[in-house]
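Chains, contacts and geometry: an overview
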Amino acid sequence: MKKLLGIILFLILLAACSNSEPVIVKVDRQPNEEQSEPELVEEIRDEEVDEFIEFSLEDELLRVNLKQIPILDAFLQGSENRQEIIEEMNLERILNREDNDVYLLEFSCNNDQCSYLLLSQNTDNTGHLVADLATFANFSISPDESKLLLRFTRNSKEQLGPICNVSPSS
């Protein structure tokens, strides 16, 4: 009986913790011309704080749900100046379809090499890391419009230095 009760409680907890919130949400209001840089927005619902990054594109205002993108959330949690890092992010709509808009989020740039997340409004509610230490070049759509090809470049001339300098002991 105790095992059955434990299993039932576990399933209830699992169902309560499952999250069906979208990764990216279009906000009803029009973008503010003064707000050109992304900003961190917090919403309090049911005594829980949800964090979003709000991006203003030319014709729409979008919110990226940090709870749904663990890699981006962890990156921001480990940063000392979150607002400065958020302001350096760039969100670009690369595909505009009636049933699905696809966006490319550029973040963590260093010497023109960045990390990129692919965000879609109708996928499995995750952001997919598609490139790291790269530069976005362009994209192509397959003839049947079922696939998307993203092309990135990397500067192969740059050599990464050693992680640490170890000198031999004398």
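Below, the structure is looked at part by part. None of these values were measured; they are calculated from a predicted model.

Okay, the overall build of the protein chain next. Across its full length, the protein chain holds 3 helices and 9 strands. Sequence-ordered secondary structure for the protein chain, helices as α and strands as β, is α-β-β-β-β-α-α-β-β-β-β-β. Within the protein chain, buried positions represent 33% of all 170 residues. Of the contacts formed within the protein chain by residues at least 6 apart in sequence, a portion of 42% connects residues at least 24 apart.

Another aspect to go through is the side chain of Asn-65. Within the element layout of this structure, Asn-65 appears in strand β4 (residues 61-65). When its relative accessible area of 1% is taken as the criterion, Asn-65 is described as buried. For Asn-65, the side chain forms a polar contact with the main-chain nitrogen of Lys-67, separated by 3.0 Å.

Okay, the sheet that holds strand β3 (residues 48-56) next. The sheet built from 4 strands is open, its strands ordered β1-β4-β3-β2 with antiparallel pairing. Either end of the sheet is taken by a strand with one partner, and the two such strands are β1 (24-27) and β2 (39-45). On average, each strand axis in the sheet is tilted by 35° relative to the strand beside it, whichever way the strands run.

Tallying each qualifying case throughout the model produces 4 salt bridges. Residue Arg-63 is joined to Glu-54 by a salt bridge in which the shortest nitrogen-to-oxygen separation is 2.7 Å. Both residues of the pair, Arg-63 and Glu-54, count as buried. The salt bridge partner of Arg-93 is Glu-60, with a shortest N-O separation of 2.4 Å. Of this pair, Arg-93 sits in strand β5 (residues 90-96) while Glu-60 sits in the loop between β3 and β4, placing them 33 residues apart in sequence. Among the residues examined, Glu-60 registers a relative accessible area of 9% and is labelled buried.

In this section: the nonpolar core. Grouped burial of nonpolar side chains is what soluble globular proteins tend to show. The biggest cluster of nonpolar side chains holds 19 residues, and the ones touching the most others in it are Ile-53, Leu-72, Met-89, Leu-91, Leu-105 and Leu-119. If one sorts the elements of this core by residue count, strand β6 (residues 101-110) sits on top with 3 residues. Excluding residues that lie within four positions of it along the chain, Met-89 makes contacts with Pro-38, Ile-53, Phe-55, Leu-72, Leu-76, Leu-105, Glu-106 and Phe-107. Among the nonpolar cores identified, the runner-up in size contains 11 residues, and Val-102, Leu-118, Ala-131 and Phe-136 belong to it.

So, how was this worked out
Residues numbered from 1 in each chain as written. Predicted model: local features only at pLDDT ≥ 70, side-chain atom pairs only at ≥ 80, totals over all residues. Heavy atoms only, no water. Helix = DSSP H or I, 4+ residues; strand = E, 2+ residues; numbered from the N terminus. Buried < 20%, exposed > 50% of the residue type's maximum accessible area, 1.4 Å probe, protein only. Contact = heavy atoms within 4.5 Å. Polar contact = N/O pair within 3.5 Å; in protein donor to acceptor, adjacent residues only side chain to side chain. Pairing = 2+ DSSP bridges. Axes fitted to C-alpha atoms, helices over the stretch in contact; angles between N-to-C directions. Salt bridge = Lys/Arg side-chain N within 4 Å of Asp/Glu carboxyl O. Core = buried A, V, L, I, M, F, W, Y, C linked by side-chain atoms within 4.5 Å.

No statement about biological role is implied by the geometric values presented.
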